[in-house]
Amino acid sequence: MAKTKNQKIADFLINNGVIIVMIILVIYTGLTSKNFFTPNNFLNLFANMSYRLVIALGIAGCVITGGCDLSAGRMIGFAACVAGTLLQKIDYSGKFYPGMAPLNPFLVLLIVMLINACFGAVTGSFIAYLHVPPFISTLAMMEIIYGIGLIYTGATPLGGYITSYTAFSSGKFLGVSWLIWIALLVAAITWFIFNMTRHGKYMYAIGGNVQAAEVAGVPVQKTMVIIYAKAAAFYALAGFMLGAKAGGASINTGLGYEMEAIAACALGGVSVTGGRGKVSSAFIGVAVLELLKVALQFLGVDANAQYIAIGIVIFVAISLDIRKYVAKK
Amino acid sequence: MAEYKLELKGVCKSFPGVKALDGVNLSVRPGTVHALMGENGAGKSTLMKCLFGIYKMDEGKIFLDGQETTIKDPDDAMEKGIAMVHQELQPVLARSVAENMYLGRFPTHNYGPLKVIDHKKMNEETSRWLSELGLDYDPKALLSTLSIGQMQMVEIAKAVSHEAKVIIFDEPTSSLSDKEVDFLFKVMNDLRDKGVSMIYISHKMDEIKRISDDITIMRDGTYVGTWRASELTTDEIIAKMVGRELTNIYPEHNHEIGEVVMECENITSIHEKSFRGVSFNLRKGEILGFGGLVGAQRTELMEGIFGIRHLAAGTVKIHGKEVTIKKPADAMAAGIGMITEDRRGSGIVGCLSIKDNVGISVYNKFLKSGFVLDHPSINKVVNDSIDKLSIKTPSMNEQIQNLSGGNQQKVIVARWLANDPDILVMDEPTRGIDVGAKHEIYEIMEDLAKEGKAIIMISSEMPELLGMADRICVMCDGKLTGEISAKEDMTQEKVMSYATMF
């Protein structure tokens, strides 16, 4: 059925409603506050987006298969703490391992990613082989990883990092923080996995129709385990980045980021019922949330009221997004 | 008193593209059991759904006690004294027997606007109705602790508790044991003595002869006639159910049948009531039809062989070598493909493109340096299939859910062609697709057989079964009851008689 021009415009506005509103908000903020459109402000914004994007890309895999990952926040905190304990200056007074020479930051990154991936694989195994719903599986892992983190750190905050670690945040390449480069690299790798490997295609098929995927010979269980392990490794990277940025970490680092990441995915168009979602969706979602926060801050909106604004945006955006798929049937 | 308790006259009902009912009549005498018979898809369930207000009939009249009436919805039907015991039970397993009986009409104590459920009354009433049927279940027992047969009884008690004067039984015995069937018939006899009219849908000839007073037969949505049960023999009933002309939309058979490629022996489900002890073999270039009534466990059998369901026993040999199949991927490795019956449920991945729907089963065969997808080669395979099977679509990137049923089915066929199995199981390959597309699917099957593929086709459509198969295995109630090899023996009557050998 041919659509009239007006219908097409209406469709376009509805399908891209959130982005359009965001652009209007950004332009309005830029026009009314003079320090908004400055390179510094945007570099700062991108740095804040960097680790959030890494988390969202990890969680996107889980959401595309129709799941979620509540353990993300605690995994971030755990990885940040483990990395912190291995990267303190040798002469730092409150050192966690007194007398131990700090390790190479890259080695530490590898270690925390591997540890987290193991925990993620455990979560994934419960989901894939024992059919524990993702919501519950990841909830259980959230508790476990928090407990392990508390025992490991004794609940003491960490600091006194070596400069080669904090340089991940302060160091720049072509005038842009390494954190941003890392996020871009992770986005590129994720795009590759989603589009150019079997694993990515299997992930979409499982999310779209798990029975059909199984009948078509897709190794559903193995794929699920890999997705949750990979996501956990991404959280480790995000925790590592957060530690470098803050110059310290505590067990509560990353708390609540899992919800923000799920919200970002949903906002950007990763279908929470599974089967749909791209790297660009995660990017758009994270960008919308961060831009919203910054713009509201510039407009002088009460910081506490910003939460209300974010909630409203999620309500509206998801209602519009769901509408797209319902209307198609 | 009117001659008939309930009369349906000239009922017509169309669904998009199909006329499901065309001038059907049904006249039920008071205090009788009236059997409603017909093949799969004859329109029995549709007719009952029209009577019960689940569907709205396009044309036709309903008379209750000689008075014309209309039925808006199931609530309205129950108010007018019509109840239905559904084929697929929909109990709330986690709640008690009493709560299931009184769901939606809980007795309450009323304190002004506040209504509090009167559990005592509900349990007592439930006990009373159950004992009326000679049942002694605890009203407080959770429904999940009952057997399927007992749940069926609760369902019947519920119908009786509505003080229904007409009760519809839609294949109530399909999941009952012999003892439970005996009990059900005793209950039905009691109800008959109390003057209740019952409409009874079943495929089981011996049961029909045992319980029914009158028989109405339907065929392809039309009314064949009504007889006293004593007037008809089983053979006559079958002849009236199937008596139709075969139209020739099937391609000529030009394929050569070769050596045995698959031998299945004693294939048995882990479930007692499902398929058991089924043995058959399959030859190269052969189309082996599997006939039977709905519920004969043909789909379950094939899904068992393909690794979707669990087997308690049985061996599968491919080219003389025994294979172990625990999951579909194992079956594919052994050279078996399967197009499932439920295209939406386990066939297509609706939100993905045609390309991905074809690709998911073969992506591991199209890799560069071991892990990077070779998109150009995949595109070529998919585009070739689109041409070969004439799939109508703007491009291979179109979402499969935007295609018609026939084109979706062709995409699933393309998936398996890309995978190149020796053996292809096609479960109801033309269900829900239009005649033109059906014909194309038949041609594809003929071409595949010519190429030497062995095909197993499950079909509930008699003409399709007779028109396409080189040999027919017929199942009934989980067992293989007959095999028809000679072309001249392939008649509707023969298939039907094997299919009803309970």
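Chemist: Whenever I open this one, the sheet that holds strand β13 (residues 260-269) of chain B confuses me. Can you help?
Modeler: Two pairing modes exist for strands in a sheet, parallel and antiparallel, and in both the strands are linked by backbone hydrogen bonds. Residue and element names in this part refer to chain B. Spatial strand order, β14-β13-β16-β17: 4 strands in an open sheet with antiparallel pairing. Each having just a single partner strand, β14 (278-283) and β17 (321-323) make up the two edges of the open sheet. Mean inter-strand twist for the sheet, computed between neighbouring axes without regard to direction, equals 20°. Strand direction decides the pairing type here: β13 and strand β16 (residues 311-318), joined by 6 bridges, are antiparallel. Opposite Glu263, over in β16, you have Lys317 as the bridge partner. Against the sheet, helix α9 (residues 298-306) contacts β13, β14 and β16, and its axis sits at roughly 110° relative to β13.

Chemist: Just checking my understanding: could you explain the environment of Val316(B) for this structure?
Modeler: Residue and element names in this part refer to chain B. Here Val316 shows up in strand β16. Residue Val316 is classed as buried on the basis of its 22 C-beta neighbours within 10 Å. Residues Val316 and Lys326, spaced 10 residues apart in sequence, show a C-alpha to C-alpha distance of 12 Å. When sequence neighbours within four positions are dropped, the list of residues in contact with Val316 reads Met262, Cys264, Ile305, Val323 and Ile325.

Chemist: Any chance you could explain the environment of Tyr200(B) here in plain terms?
Modeler: Residues and elements named next belong to chain B. Position of Tyr200 relative to the elements: it lies in strand β10 (residues 197-201). Measuring from C-alpha to C-alpha, the distance between Tyr200 and Ile354 comes to 44 Å, with 154 residues separating the pair along the chain. In this view, Tyr200 contacts Val33, His34, Ala35, Leu36, Phe169, Ile211 and Ser212; residues no more than four positions away in its chain are not counted.

Chemist: How do you make sense of the interface of chain B and chain A when you look at a structure like this?
Modeler: Reports often express the size of an interface as the amount of accessible area lost when the parts come together. Each partner contributes residues to the interface: chain B has 24 residues there, and chain A has 20 residues. Residue assignment for the side of chain B that touches chain A shows that the elements contributing at least two residues are α10 (328-333), α11 (343-347), α12 (354-359) and β20 (372-373) of chain B. Of the residues that constitute the side of chain B that touches chain A, the class distribution is 14 nonpolar, 8 polar and 2 charged.

Chemist: It is not clear to me how the sheet that holds strand β15 (residues 287-292) of chain B should be interpreted in this structure. Could you clarify?
Modeler: All names here are of chain B. The mixed open sheet is built from 6 strands, whose spatial order is β18-β21-β22-β15-β23-β24. The open sheet terminates on both sides in strands that have one partner only, identified here as β18 (336-339) and β24 (479-484). When the angles between neighbouring strand axes are averaged without regard to direction, this sheet yields 20°. Of the strand pairs in this sheet, β15 and strand β22 (residues 454-458) are connected by 4 bridges, and their pairing is parallel. Bridge pairing in β22 links Gly289 to Met457. Where helix α14 (residues 405-419) meets the sheet, its contacts fall on β18 and β21 (423-427), and the angle it forms with β18 comes to roughly 175°.

Chemist: Mind showing me how you'd approach the packing of helix α5 (residues 105-129) of chain A against helix α11 (residues 220-246) of chain A here?
Modeler: The relative placement of two packed helices is expressed as an angle between their axes plus a distance between the axes. Residues and elements named next belong to chain A. Viewed as axis vectors pointing N to C, α5 and α11 meet at an angle of 145°, and their least axial separation amounts to 6 Å. Note on packing geometry: the crossing formed by α5 with α11 is right-handed. A breakdown of the residues in the contact of α5 with α11 according to their chemical character gives 21 nonpolar, 7 polar and no charged.

Chemist: When you look at the packing of helix α4 (residues 72-86) of chain A against α5(A) in this model, what are you seeing that I'm missing?
Modeler: Residue and element names in this part refer to chain A. Between α4 and α5, the shortest axis-to-axis distance is 10 Å and the interhelical angle comes to 145°. α4 and α5 meet at a crossing whose hand is right-handed. Packed against α4, whose contacting residues are Met75, Ala79, Val82, Ala83 and Leu86, the element α5 presents Val108, Val112, Ile115, Asn116 and Phe119 at the interface. Its residues assigned to classes, the contact of α4 with α5 shows 9 nonpolar, 1 polar and no charged.

What counts and how
- Residues numbered from 1 in each chain as written.
- Chains lettered and ligands numbered in written order.
- Predicted model: local features only at pLDDT ≥ 70, side-chain atom pairs only at ≥ 80, totals over all residues.
- Pairing = 2+ DSSP bridges.
- Helix = DSSP H or I, 4+ residues; strand = E, 2+ residues; numbered from the N terminus.
- Axes fitted to C-alpha atoms, helices over the stretch in contact; angles between N-to-C directions.
- Contact = placed C-beta atoms within 7 Å.
- Buried ≥ 20, exposed ≤ 12 C-beta atoms within 10 Å, placed from the backbone.
- Nonpolar A, V, L, I, M, F, W, Y, C, P; charged D, E, K, R; others polar.
- Left-handed = near helix turned anticlockwise from the far one by under 90°.

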